[in-house]
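Here is what each chain is made of, one letter per residue.
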Amino acid sequence: MKRIIKKLISIFLLLLLIISILFIGIGYVNYVKAIDDVSIADKVAEIRKRPHYVTFDKINENLFTATVAIEDRRFYEHHGVEYRSMLRAAVTNVFAHGIVGGGSTITQQLAKNLYFTQEKKVERKVAEVFMAVELEKEYSKKDILELYVNSIYFGNNYYCVKDASMGYFGKEPGKMTEYESTLLAGIPNAPSVYALTANPDLAAQRQRQVLEKMIKYKYLTSEEAEKILE
């Protein structure tokens, strides 16, 4: 009986390996096709030419700090992919019988915004990983954060930081307060849920989560966080 169980486990692991290799192969092909169609440099240039694009130095720095704290705390340590988070997400997805979470870094989210749809497919996720690694080779962390906030959706039809800051607060991104920056940083996780015009109470709850993460990772003290909320 034990021999049969061991054999079944071996067969299962072999099948899992074959399937994994297949998805990695398809994902890599999709990645190569995407950059063959339009290079990363051209995609980045396309975003930077948008009329409402705002450079790093003209955006309140608190937005970047809050975004890293809530979205990707190891952003400055990894090279585009956080493999531990991906492994945890993969286990969750297996038990959920589908893709319910992706463990995506900020760089992966940028890669998705540049090239891919929101479609939840394993091969798309793999292509996104290859793209994120390439982005980290070509651009600095500062560039990636700048591109991210200029291409992420903030709800209420605001697809970049300037539209969001002007639409929600009536001011340029560089003039946002700490309160407004931490409020805005929480929205991209679920824009339809946290959009300030749709669910201000939920947005406020999300802001508290952002501040809690900032405290946890030593960006703020509890007293500073309370002062922001005042």
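Residues numbered from 1 in each chain as written. Predicted model: local features only at pLDDT ≥ 70, side-chain atom pairs only at ≥ 80, totals over all residues. Heavy atoms only, no water.

Draft legend 1. View of the nonpolar core. With 53 residues, the main nonpolar core has Leu63, Met131, Phe154, Tyr168 and Leu184 as its most contacted residues. The greatest single-element share of this core, amounting to 6 residues, is contributed by helix H3 (residues 61-71). (Core = buried A, V, L, I, M, F, W, Y, C linked by side-chain atoms within 4.5 Å. Buried < 20%, exposed > 50% of the residue type's maximum accessible area, 1.4 Å probe, protein only. Helix = DSSP H or I, 4+ residues; strand = E, 2+ residues; numbered from the N terminus.)

Draft legend 2. Here's a closer look at helix H2 (residues 40-48). What H2 keeps buried is the set Ile40, Lys43, Val44 and Ile47. Angularly, the buried residues of H2 cover 95 degrees about the axis, an arc narrow enough to put them on a single face. (Arc of directions from axis to C-beta.)

Draft legend 3. Expanded view of the side chain of Glu136. Among the structural elements, Glu136 can be located in helix H6 (residues 122-138). In contact with Glu136, not counting residues within four places along its chain, are Phe75, His78, His79, Gly80, Thr107, Lys141 and Ile144. (Contact = heavy atoms within 4.5 Å.)

Draft legend 4. Structural detail: H3. Counting buried positions over the 11 residues of H3 gives 8, a clear majority of the element. Within H3 the residues assigned to the buried category are Leu63, Phe64, Ala66, Thr67, Val68, Ala69, Ile70 and Glu71. Next to the buried residues of H3 lie helix H5 (106-115), helix H7 (141-149), helix H8 (161-169), helix H9 (178-185) and helix H11 (200-216). Capping the start of H3, Asn60 holds a side-chain oxygen 2.8 Å from the backbone nitrogen of Asn62, two or three residues further along. (Polar contact = N/O pair within 3.5 Å; in protein donor to acceptor, adjacent residues only side chain to side chain.)

Draft legend 5. Structural context of the packing of H3 against H7. Contact pair H3 / H7: the axes reach a minimum separation of 11 Å and the direction vectors enclose 90 degrees. Compared by their axis directions, H3 and H7 come out roughly perpendicular. Counting all contacts with H3, which are made through Leu63, Phe64, Thr67, Val68 and Glu71, the residues of H7 involved are Leu145, Glu146, Tyr148 and Val149. Tallied by class, residues from the contact of H3 with H7 come to 6 nonpolar, 1 polar and 2 charged. (Axes fitted to C-alpha atoms, helices over the stretch in contact; angles between N-to-C directions. Parallel < 35°, antiparallel > 145°, perpendicular 65-115°, else oblique. Nonpolar A, V, L, I, M, F, W, Y, C, P; charged D, E, K, R; others polar.)

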